[in-house]
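Single-letter residue listing:
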Amino acid sequence: MTRPPASTGREAPAPAPLTNDPILRSTSRAVFALVLLFAFLLLWRGHNAPGGGFIAGLMTACALVLHRIAYGFSALRLDPARLIPWGLALSFVTGLVPYLLGRPYLKSDYGYITTAVTGEFEWATALLFDVGVFLLVVGASLTIAYALTEVAPQETVEGDE
Amino acid sequence: MTVAVFFPFLMAALAAWLGPRLGRRTGYVAAAAFLPALLLIPDLLRMPGAAPALEVTRWVPTLDLDLAFRGDGFSLLFAVLIGVIGTLASLYSVAYLSERERFGRFYSYLLLFGGSMLGLVLTDNLVALFGFWEMTSVTSFLLIGLWHTRSAARDGAVKAFLVSALGGLALLAAVALIALGGGSTSLSALDVGALRESAYFTPALLLTLLAAFTKSAQLPFHLWLPTAMEAPTPVSAFLHSATMVKAGVVLVAKFGLLFGGAALWSAIIVPVGLATLVWGSWLALRQTDLKALLAYSTVSQLGLLMSLYGLADAEGRFSATAHLLNHAAFKAALFFVVGIIDHETGTRELPLLGGLRRALPVTFAVALLAALSMAGLPPLGGFISKELFFEAMLHQGPLFIAVAVVGSALTFAYSLRLLRVFLGTPRAPAGAEPHEAPPGLTLPAAGLALTALAFGVLPGTAEALTRTAQSALNFADYDGYLSLWHGVTPALLATLLTWALGAVLVWQARGMETLGRRLTPRVNANTVYYGLTQTVNVFSSWLIARTQGLPLPDQLRIMLAAAALMGGYAVWRAPQVFYPFGELPLGVLPIAALLVAGAVGVLLSRGRLTAVIVTGLTGFGSAAAFLAFRAPDLALTQLLVEAVTVILFLLAFRYLPGVRDLPRTRWRYVFDVAVAGLAGVGITLLVLSSVRFLAPPISPYYLEYSYKGGGGKNVVNVLLVDFRGFDTLGEITVVGMVALAVLSLVRLGKPGRPRRAPDDTAELPARRRP
């Protein structure tokens, strides 16, 4: 099970799904969408209610792992390890902007916009930072999960009691 | 100046991105990155009179840590030097590198390196100085190891890094001591008098010297520089002529203003520098690889510069600065020439080459000018600065001038030896048809060679440049001047003696070779280095075998026993463990029962899968506990972490030998239960005893300010992304690194993926087990 070189930027399709359970397959599609939706909700409202980038990232990872288990290929069309540097860079740069404007590093800013559709609506730069956290957490947990699903099955553990 | 330092860093990111897209043309982008450094030229030209500019960017003001850049004459001179050679090296590599090179990686490393070096020479803050110093070590490691599939490149990179990192640690300590003694981290605001009085003075001096010697490859740390030639040739030119290896010289020149008054300073540097001059040039004379010859010649020239700056008087600083300019010009030109020879003939071995002057006339002219400047012949710049060197050494005493003459005679000899590839009957390896290199290769070299010529024919140019550093290096009142002819002086006589000796060395080349072979010491810096690294390897594998060799269950038992002991210790030290902390919230009792049930369930479960799932129970129980204490954020996080952990566990366990009974003897089972139980009790006691140290809670502050300051009603989130955002950034970095570590661990275990490069069979020398 060798991966194609990372430069292609696509996740290698695994040879076979981990399971052929038809019930899992038919329900996972709906569940996948629901979980993703909920994850984005968590990310969006994190500033004012329970939620945030970390949790949303974990939830997204759960959804993607479920998809991977049910269908055998990743719903994410790129190597999840590539999300790690992007997430880190986004969070870092978000923090850098206030610093360059002469305020403390990572100081967040917020304000209110009123539009006809949404009514009064708060924006916060912290959300950008959270998106960075989100990307990194998705990348990291998926990297670990995919690495573990690709372990060659002939490996056994010795010395285990 | 701030722009000049940071622009290359920005462009490095751009070059990394452009590299795969533009290919070799990325070199033009890289050359543009040094533009802000070149824009410092007008500042430099105003220099002998103008006051140095100071640009301060606040960084961590509470720690007296700023990004301060100070454009005094010497710093600007060096920055412009880096800019010029950096530009030329970038342009040269466009024509030099092969089509298969990974351009993005090469140019971004080159620019990171150039930026760190610019920062190093321009910075006025001691802590930032250390930072840039270490960055040059790291980036040069990357550059030397660029062709990392070759074991020689890896070895050279590791060697350079280990040696210069040793010096880096010394510099860190020195910087701390100087800041303590001088009362400031700003180089220009240091109280030199207080520093001289303080007890930190001598240790700081010695540590600074260690740093400078390791970086500038002085004896006995010269071993890393010749192996650093594994880097691509344009990099070598940059590294040797303008940057990395001169960092130590820069340090000695700048810190000479602090330490120069001490007798110890000159008493150590000058002998070490002169010894390096002689030994380096002696080794250079014996090399057959052209690039190795140049590398050892750099070692010797650095010795010369060190000894002059180490004198810490006006004469030494003036002469050293003049020679610094000459050296940059001729050494970069010579590296470019060797690159051309390598490019055209496919080899750098001296015995295989000859008579190249017919095929490469322009290159020959360039090499002639540069090599004769290095040899110290008129009318080239090298001659003038060599006269100044002799002049300075004459003032020190007969022994000094004698050593200087011997070293220079050897320099003369190896410079002429270098030219042998152009003379005699044409000779080149079979298949190679050398012809004149493309202008992309010859033009940078020719420009530098002409500069070397100009420094000699028009001494005023070199003198004006040298004078710019006068106020920064404190030789304003020095009345020396640069001139080709200054009468029949003792220095001129010394030069004539040098030529005579050098001519004898060239004439008796064969005899010198036998002598050299006989004089080779069995133990040299390299054998010591390999001996040391080998010993460390053997020791660490011994240590790992002794400490990490236990089966996993035994390691766990030890950890749990330690936890139990810590709890016992806490109770013993603080018997009043049961500090009154108010009424127990009865609502959490069921949750506690759930947690305990989970823990006991793990013990009772007879299969792996059940054990994992029951372990999950304790995790979900903790989430419930968080909910009971009204922390929905934590509970949510805990729930998700638990879910993901259980999934990961199950994924990892798929391939273990199925669900089966865990074979255990009854005795061992009882023992494990006892250890685990004790550890649980111990940790509980530890937590309870720590309750005594509760400080007043900090939550009211965050409750009050999270909405006012951060604009969020979710205190936890505001805390994470704003108040303690920096912590979060550190944490997610750790998360990312853990993921990459797991990835590499899992991938390394895969069959069919070689863990070492195929050419690893060519092992390092001295790979023997004691």
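Only a predicted model underlies this, so the values are computations on that prediction, with no experimental measurement involved.

*Asks:* Whenever I open this one, the overall build of chain B confuses me. Can you help?
*Replies:* Looking only at helices and strands, chain B has 34 helices and two strands in total. The proportion of buried residues among the 770 residues of chain B is 51%. Taking all contacts inside chain B whose residues are at least 6 apart in sequence as the whole, residues at least 24 apart take part in 79%. Carbon and sulfur atoms make up 70% of the accessible area of chain B, which amounts to about 34500 Å² in all. Taking the 55 positively charged and 40 negatively charged side chains of chain B as two groups, their mean positions are separated by 11 Å.

*Asks:* Where do I start with unusual backbone geometry in this structure?
*Replies:* With the exception of glycine, most residues fall at negative phi, and the peptide bonds are largely trans. All names here are of chain B. Cis geometry marks the peptide bond from Leu219 to Pro220, where omega comes out at -5°. Take Pro220: it is sitting in the loop between helix H10 (201-215) and helix H11 (224-227). The omega torsion of the bond from Pro378 to Pro379 falls at 0°, within 30 degrees of zero and hence cis. If you trace the backbone, Pro379 turns up in the loop between helix H18 (361-375) and helix H19 (381-394). Unusually for a residue other than glycine, Asn474 sits at a positive phi of about 70°. Tracing the backbone shows Asn474 in the loop between helix H23 (470-473) and helix H24 (490-507).

*Asks:* Just checking my understanding: could you explain the packing of aromatic side chains for this structure?
*Replies:* Given two aromatic rings, one states the distance between the centres and the angle between the planes to describe the pair. Enumeration over the complete set of coordinates arrives at 27 aromatic pairs over all chains. A ring pair is formed by Phe113 of chain B and Phe238 of chain B, whose centres lie 5.7 Å apart and whose planes are at 90°; its orientation type is edge-to-face. You can see Phe113 of chain B sitting in helix H6 (residues 103-122) and its partner Phe238 of chain B sitting in helix H12 (residues 233-241), a full 125 residues away along the chain. Phe238 of chain B sits in the buried class, given a relative accessible area of 0%. Pairing Tyr701 of chain B with Tyr702 of chain B gives two aromatic rings, centres 5.3 Å apart and planes at 80°, and the pair type is edge-to-face. We classify Tyr702 of chain B as buried; its relative accessible area is 17%. Through a chain of ring-to-ring contacts, three or more aromatic side chains come together here, namely Phe6, Phe9, Phe69 and Phe132 of chain B. Just above the ring of Tyr146 of chain A sits the side chain of Arg68 of chain A; from NZ or CZ to the centre is 4.5 Å.

*Asks:* How do you make sense of the confidence of the model for chain B when you look at a structure like this?
*Replies:* When pLDDT drops low, the exact placement of atoms in the prediction is not to be read closely. All names here are of chain B. Summarising the model, chain B shows a mean pLDDT of 83, and 94% of its residues fall at 70 or more. The model gives residues 752-770 a pLDDT under 50, and that stretch makes 20 contacts with residues more than four places away or in other chains. Both scores are available for the predicted complex, with the pTM at 0.77 and the ipTM at 0.81.

*Asks:* Mind showing me how you'd approach helix H13 (residues 247-259) of chain B here?
*Replies:* Residues lying three or four places apart along an α-helix face the same way, a consequence of the helix completing one turn every 3.6 residues. Residues and elements named next belong to chain B. Across its 13 residues, H13 extends 17 Å between first and last C-alpha, which sits within 8% of the 18 Å expected from 1.5 Å per residue. Within H13, the axis deviates most sharply at Ala253, by approximately 25°. With 12 of its 13 residues buried, H13 lies for the most part within the structure. Considered for burial, the residues of H13 that qualify are Ala247, Gly248, Val249, Val250, Leu251, Val252, Ala253, Lys254, Phe255, Gly256, Leu258 and Phe259.

*Asks:* Explain helix H5 (residues 73-96) of chain B to me, please; I cannot follow it from the model alone.
*Replies:* A rise of 1.5 Å per residue sets the reference length of H5 of chain B, with its 24 residues, at 34 Å; its end C-alpha atoms lie 34 Å apart and thus fit the reference within 8%. In terms of residue burial, H5 of chain B counts as a mostly covered element, since 21 of its 24 residues are buried.

*Asks:* Just to check I follow, could you spell out the interface of chain A and chain B for this structure?
*Replies:* Accessible area lost during the coming together of the parts is what is often quoted as the interface size. Each partner contributes residues to the interface: chain A has 50 residues there, and chain B has 55 residues. Of the roughly 4700 Å² buried where chain A meets chain B, counting both sides, 66% is carbon and sulfur surface. Summed over the shared surface of chain A and chain B, the number is zero salt bridges. Where the side of chain A that touches chain B is concerned, the elements lending two or more residues are helix H2 (53-71), helix H3 (83-100), strand S1 (110-115) and helix H4 (126-149) of chain A.

Definitions and limits used
- Residues numbered from 1 in each chain as written.
- Chains lettered and ligands numbered in written order.
- Predicted model: local features only at pLDDT ≥ 70, side-chain atom pairs only at ≥ 80, totals over all residues.
- Heavy atoms only, no water.
- Helix = DSSP H or I, 4+ residues; strand = E, 2+ residues; numbered from the N terminus.
- Buried < 20%, exposed > 50% of the residue type's maximum accessible area, 1.4 Å probe, protein only.
- Contact = heavy atoms within 4.5 Å.
- Areas by Shrake-Rupley, 256 points an atom, 1.4 Å probe, with all protein chains shown as cover.
- Lys, Arg positive; Asp, Glu negative; His and termini not counted.
- Charge placed at Lys NZ, Arg CZ, Asp CG, Glu CD.
- Phe/Tyr/Trp six-rings, centres within 6.5 Å; stacked < 30°, edge-to-face > 60°.
- Lys NZ or Arg CZ within 6 Å of the ring centre and 35° of its normal.
- pLDDT = per-residue confidence, 0-100.
- Expected span 1.5 Å × (residues − 1).
- Bend = angle between axes of the 7 residues up to and from the residue.
- Buried area = accessible area lost by both parts, 1.4 Å probe.
- Salt bridge = Lys/Arg side-chain N within 4 Å of Asp/Glu carboxyl O.

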